[in-house]
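# Structural characterization, general
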Amino acid sequence: MRTIRQSHKLRDVRYDVRGPILAEAQRLEAEGHRILKLNIGNTAPFGFEAPEAIVASMTHHLTDAQGYSDSRGIYPARTAVAQYYQSRGLKDTAVEDVFIGNGVSELISMVLQAFVDEGNEILVPAPDYPLWTGAVSLTGGTPVHYRCDEENGWMPDLADIESKITENTHAMVIINPNNPTGAVYSKEMVASLVDIARRHDLVIFTDEIYEKIVFDDAVHHHAAKAAGDDVLCLTFSGLSKAYRVCGYRAGWVMISGPKERATEFIEGLTLLANMRMCANVPGQHAIQTALGGYQSIDELIVPGGRFYEQAMLADKLLNEIPGVTSVRPRGALYCFPRLDPEMYRIDDDEAFVIDLLRSKKILVTHGTGFNWFEPDHFRLVTLPDVEVLEEAIGRIAEFLAQRR
């Protein structure tokens, strides 16, 4: 009898945030060990709860959410998203420009399925959120990774981007604020990235799910605003992080720029939205309340707020470990520290984090899992409260001391 194998389309697809390291963590948990999971930016397990108004809004509409909605999303949610971007200077944003999805993750896959043909090259940052690389590969495209410069605050290397553009390059992915590095791009950097897309006739896919989580004097700038009327830009965002409702799966994509040139593409995206019937309807009812109500996220990202204090503490403690350097995060929920290869000779960083897991019961994600080029980084989630972070990073320091 023939062996039943996975599709060859999965050959180059990886999602190491929930890969072999998580499987090993689950095995250890089954043996009775308690694992501190710092591998996923899931807010609820760390005591972050949704604002009461959002929960109340969704609960109130449950009886109205039993049937399918418009495949693009319920009108109040799409209107709220359109008005949100209008209030940020994108005055031409209309309800028709918005698609609601089961989180940004579903929309990334849908958009790329509608856009990518076999052999198309898509520029993706390195390091990246690995769903982007995996989804490009799964749809038949070729992810081409452009380097972000750690010595320059993890800003994209513009010269490296230019050097990797070919006649097959069709789009550029921007992740800002960046997961996993915590970089927040300046207005000038965003404009420079858009200018490259403009000169090479590229579409921009901009992942802005962390747009409200920025620290100190960092300011988020929408790529769509720099793109204007002449660069097609698809902006991805949602409620998961800023509103602490990862499980509600409420995200959106907004299309801006020369939509008249993209009629066929948008028809394809609409077709795919129709095929999955609709996004989770109860979660859609949270969007209008979230965007229009009190922004409790503002309390979490300033000194004294948990997101801020935990990110700053994690950065400080990591930098105190000999041979470890971490660029201070300017946003998002992560640190992406580097291990000095002269002090820590690591050939396989996945094996390294599995060793850490077995030894200290701390689950982090290896840097090459984010398509970084060298096995010398790992990503740590900064969501635990300060006492737990101190304990976790202390265990990491002990493990590294043993390695030295």
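Residues numbered from 1 in each chain as written. Predicted model: local features only at pLDDT ≥ 70, side-chain atom pairs only at ≥ 80, totals over all residues. Heavy atoms only, no water.

## Re the nonpolar core
Ranked by size, the top nonpolar core spans 141 residues in total, and within it Trp132, Phe205, Leu234, Phe236 and Phe307 carry the most contacts. When residues in this core are grouped by element, the largest group, eight residues, is from helix 12 (residues 306-319). When near neighbours in sequence (up to four residues on either side) are disregarded, Phe307 contacts Phe48, Ile213, Phe215, Lys241, Arg244, Ile297, Leu300, Ile301, Leu333 and Leu383. (Core = buried A, V, L, I, M, F, W, Y, C linked by side-chain atoms within 4.5 Å. Buried < 20%, exposed > 50% of the residue type's maximum accessible area, 1.4 Å probe, protein only. Helix = DSSP H or I, 4+ residues; strand = E, 2+ residues; numbered from the N terminus. Contact = heavy atoms within 4.5 Å.)

## Describing the sheet that holds strand 11 (residues 334-335)
Sheets are built from strands that pair by backbone hydrogen bonding, the pairs being arranged parallel or antiparallel. The antiparallel open sheet is built from three strands, whose spatial order is 11-15-14. Of all strands in the sheet, those bounded by a partner on one side alone are strand 11 and strand 14 (365-366). Sheet analysis places strand 11 next to strand 15 (residues 378-381), joined by two bridges and oriented antiparallel. Bridge assignment links Tyr334 to a residue of strand 15, and that residue is Val381. (Pairing = 2+ DSSP bridges.)

## Digging into the environment of Gln86
Along the polypeptide, Gln86 turns up in helix 3 (residues 75-86). Excluding its chain neighbours within four sequence positions, the residues that come into contact with Gln86 are Lys91 and Thr93. A distance of 2.7 Å separates a polar side-chain atom of Gln86 from the backbone oxygen of Thr93. (Polar contact = N/O pair within 3.5 Å; in protein donor to acceptor, adjacent residues only side chain to side chain.)

## Regarding the sheet that holds strand 9 (residues 251-256)
Taken in spatial order, the eight strands make up an open sheet running 2-9-8-7-6-3-4-5, and their pairing is mixed. Whereas interior strands pair on both sides, the edge strands pair on one side only; in this sheet they are strand 2 (98-101) and strand 5 (155-156). By the bridge criterion, six bridges tie strand 3 (residues 121-126) to strand 4 (residues 142-149) in an arrangement that is parallel. The residue of strand 4 that forms the bridge with Ile122 is Pro143.

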